[in-house]
Amino acid sequence: MKKYILLLLIVPFIGNAQLKGLIDKAKSTVQSKTGTTSLSNADISNGLKEALKKGVSEQVTKLTAVDGFYKNEAVKILLPAELQKVDTKLRQMGMANLADEGIKVLNRAAEEAVKEGTPIFVNAITSMTLTDAKKILMGADNSATTYLEGATSAPLYAKFNPVVQSSLSKVGADKVWAGIIKKYNSMPLVTKVNPDLNDYVTKKTMDGVFKMIAVEEKNIRNNLASRTSDLLKKVFALQD
């Protein structure tokens, strides 16, 4: 049944006429195994749209709340390698509070960015072509996730980056880190640093969005209780 769930993943993004043969095959298979279950093209498409909406509502929206990133260990943004030594040095010098604040404001920027970035992410998914869909259908179990990350990362980054930059400024992260870096670089016998935090937080924010959508997708696929409507139950029963 794995190929049928992959079929579900691509239906909303390509024309029904183009997939008529594949849809009919899926419906025929379900009918032959159950004798009663029959899903229309609209059922399958609407079921997937509902699942995607649920993924955003149940998981990604959580990231926009205060501490949505900061207190979620799955997506919490830690310091890049270049700044690990800054963190260590500040704590050695008795400035642990400043180090902690530096990490917190990076996560605050991510939480702010996701508020504006989620629609961009959803719109990017709809650009999937028929050729892409065929490759996913014939690929490995993780082909859909691999495709989405590869196909959307570049355009998402281009649109997400200025949002993150604005968010860094809005939550004061730029000023906090300017002060931290200035203080660190003024210490004797240290190698000066000047990291691109905007680039780093942009990529980590995108990682967090992908990860949380994947969490909800896994729930719907494997946990019957997560299928909270009759349509979700019918559509995702195809994979069971």
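Computed from a predicted structure; not experimentally measured.

J.: Explain the overall build of the protein to me, please; I cannot follow it from the model alone.
T.: Each helix and strand in the protein was counted, giving 10 helices and zero strands. Put simply, the protein runs from its N terminus to its C terminus through helices and strands in the order α-α-α-α-α-α-α-α-α-α. Counting over 240 residues, the protein shows a buried share of 45%. A sequence separation of at least 24 residues applies to 75% of the contacts in the protein between residues at least 6 apart.

J.: Looking at this model, I keep getting lost on the pattern of salt bridges. Mind explaining?
T.: If you walk through the whole model with that rule in mind, you get eight salt bridges. Taking the shortest distance from any N to any O, the salt bridge between K115 and E112 comes out at 3.2 Å. Of this pair, K115 and E112 both sit in helix α5 (residues 96-125), three residues apart, which is roughly one turn of the helix. You can call K115 partly exposed: its relative accessible area is 45%. Residues participating in the shared-partner salt-bridge network are D67, K71, R108 and E111.

J.: Please explain unusual backbone geometry as it appears in this structure.
T.: We note that D67 has phi near 75 degrees; this positive angle belongs to a residue other than glycine. Position of D67 among the secondary structure elements: in the loop between α3 (41-63) and α4 (81-92).

J.: How should the packing of α4 against helix α8 (residues 173-185) be read in this particular structure?
T.: For any two helices packed against each other, one specifies the crossing angle of their axes together with the interaxial distance. In the contact formed by α4 and α8, the axes pass within 11 Å of each other and the chain directions differ by 75 degrees. By the angle between their directions, the pair α4 and α8 is classed as roughly perpendicular. Across the interface between the two elements, L83, K85, V86, K89 and L90 from α4 touch W177, I180 and Y184 from α8. For the contact of α4 with α8, the residue count by class is six nonpolar, no polar and two charged.

J.: Which parts of the structure should I look at to understand the confidence of the model for the protein?
T.: Scored by pLDDT, the protein has a mean of 75; 67% of the residues are at 70 or more. Across the protein, the element-wise mean pLDDT spans from 45 in helix α2 (residues 20-34) up to 86 in α8. Contacts for the low-pLDDT stretch residues 5-23, under 50 throughout, to residues beyond four places or in other chains number 45 contacts. For the stretch residues 25-36, pLDDT sits under 50, and the model shows 17 contacts to residues farther than four places along the chain or on other chains.

J.: Any chance you could explain the nonpolar core here in plain terms?
T.: Here is a general trend for soluble globular proteins: nonpolar side chains tend to be buried in one another's company. In this structure, W177 and V201 are the most contacted members of the largest nonpolar core, which totals 40 residues. For this core, the secondary structure elements donating two or more residues are α3, α4, α5, α7 (143-170), α8 and α9 (197-222). Considering every element that reaches this core, the biggest residue donor is α5, with nine residues. Ignoring any residue separated from it by four or fewer positions in sequence, one finds V201 in contact with I77, L106, A109, A110, V164 and L168.

J.: How should the environment of K183 be read in this particular structure?
T.: Take K183: it is sitting in helix α8. Overall, K183 belongs to the partly exposed group, its relative accessible area being 37%. Sequence spacing of K183 and L90 is 93 residues, and the spatial spacing of their C-alpha atoms is 9.1 Å. For K183, the contacting residues outside a window of four places in its chain are M95 and L98.

Basis of the calculations
Residues numbered from 1 in each chain as written. Predicted model: local features only at pLDDT ≥ 70, side-chain atom pairs only at ≥ 80, totals over all residues. Heavy atoms only, no water. Helix = DSSP H or I, 4+ residues; strand = E, 2+ residues; numbered from the N terminus. Buried < 20%, exposed > 50% of the residue type's maximum accessible area, 1.4 Å probe, protein only. Contact = heavy atoms within 4.5 Å. Salt bridge = Lys/Arg side-chain N within 4 Å of Asp/Glu carboxyl O. Axes fitted to C-alpha atoms, helices over the stretch in contact; angles between N-to-C directions. Parallel < 35°, antiparallel > 145°, perpendicular 65-115°, else oblique. Nonpolar A, V, L, I, M, F, W, Y, C, P; charged D, E, K, R; others polar. pLDDT = per-residue confidence, 0-100. Core = buried A, V, L, I, M, F, W, Y, C linked by side-chain atoms within 4.5 Å.

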